[in-house]
Amino acid sequence: MEISKEQYEYSLRRIEKLLPLVTDETPLNDKNAVELTIVSDVVEAYEKIHYPIAKPTIEELIRLSLEENGMTQKQLAEKIGVSPSRVSDYISGRAEPTLRVARAICMILGIAPAAMLGL
């Protein structure tokens, strides 16, 4: 079933009204909790089609994870055993890490291996 823009916008408005009424303590069978689940599913389905989010590239994953971890390229290079210029190559997209290096980057920066593989 195709979700219309009107249904999407209605669902967004309902979510705004329902969020203050549903807490972690609200029973799952509460009418507001049930409605919130349904309209949230409508919004998710519509956005998946009309506002898809592209998977991050290896470069973006490394750059963002460095920022989140408060780590420099040089620090990462030391931990994974490559030169700082090589890390720069990974972040700029000039080179891709080997499987061994990618595994080390995932472990050090807390990146899910599936994300690094683009899955």
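Structure: see above.
Residues numbered from 1 in each chain as written. Predicted model: local features only at pLDDT ≥ 70, side-chain atom pairs only at ≥ 80, totals over all residues. Heavy atoms only, no water.

A.B. asks: Help me understand the overall build of the protein chain, please; the structure alone is not making it clear to me.
C.D. replies: Of regular secondary structure, the protein chain possesses seven helices and zero strands. For the protein chain, the succession of helices and strands along the chain, N to C, is α-α-α-α-α-α-α. Expected size for 119 residues packed as a compact globule is a radius of gyration near 14 Å; at 21 Å, the protein chain overshoots this value by more than 25%. Dimensions along the principal axes, computed over C-alpha positions, put the protein chain at roughly 55 × 35 × 20 Å. Across the 119 residues that make up the protein chain, the buried fraction comes to 33%. Of all intrachain contacts in the protein chain linking residues separated by at least 6 positions in sequence, the fraction that spans at least 24 positions is 51%. Accessible area of the protein chain: about 8300 Å², with a carbon and sulfur share of 56%. If you average the places of the 14 positive and of the 18 negative side-chain charges in the protein chain, the two averages end up 7 Å apart. (Helix = DSSP H or I, 4+ residues; strand = E, 2+ residues; numbered from the N terminus. Rg over C-alpha atoms; globule rule 2.2 N^0.38 Å. Buried < 20%, exposed > 50% of the residue type's maximum accessible area, 1.4 Å probe, protein only. Contact = heavy atoms within 4.5 Å. Areas by Shrake-Rupley, 256 points an atom, 1.4 Å probe, with all protein chains shown as cover. Lys, Arg positive; Asp, Glu negative; His and termini not counted. Charge placed at Lys NZ, Arg CZ, Asp CG, Glu CD.)

A.B. asks: Help me out: how do you make sense of the packing of aromatic side chains in this one?
C.D. replies: By convention here, two paired aromatic rings are described through the distance between centres and the angle between planes. Within this structure, the stated rule accounts for three aromatic pairs. Taking the centre distance of 4.2 Å and the plane angle of 20 degrees together, the rings of tyrosine 8 and tyrosine 46 count as stacked. Taken together, the residues tyrosine 8 in helix H1 (residues 5–18) and tyrosine 46 in helix H2 (residues 31–50) connect sequence positions 38 residues apart. Here the two residues tyrosine 8 and tyrosine 46 agree in accessibility, since each one is buried. Considering the side-chain rings of tyrosine 8 and tyrosine 51, the 6.3 Å spacing of their centres and the 45 degrees angle between planes classify their relative orientation as tilted. With tyrosine 8 in helix H1 and tyrosine 51 in the loop between H2 and helix H3 (58–69), this residue pair connects regions lying 43 residues apart in the sequence. (Phe/Tyr/Trp six-rings, centres within 6.5 Å; stacked < 30°, edge-to-face > 60°.)

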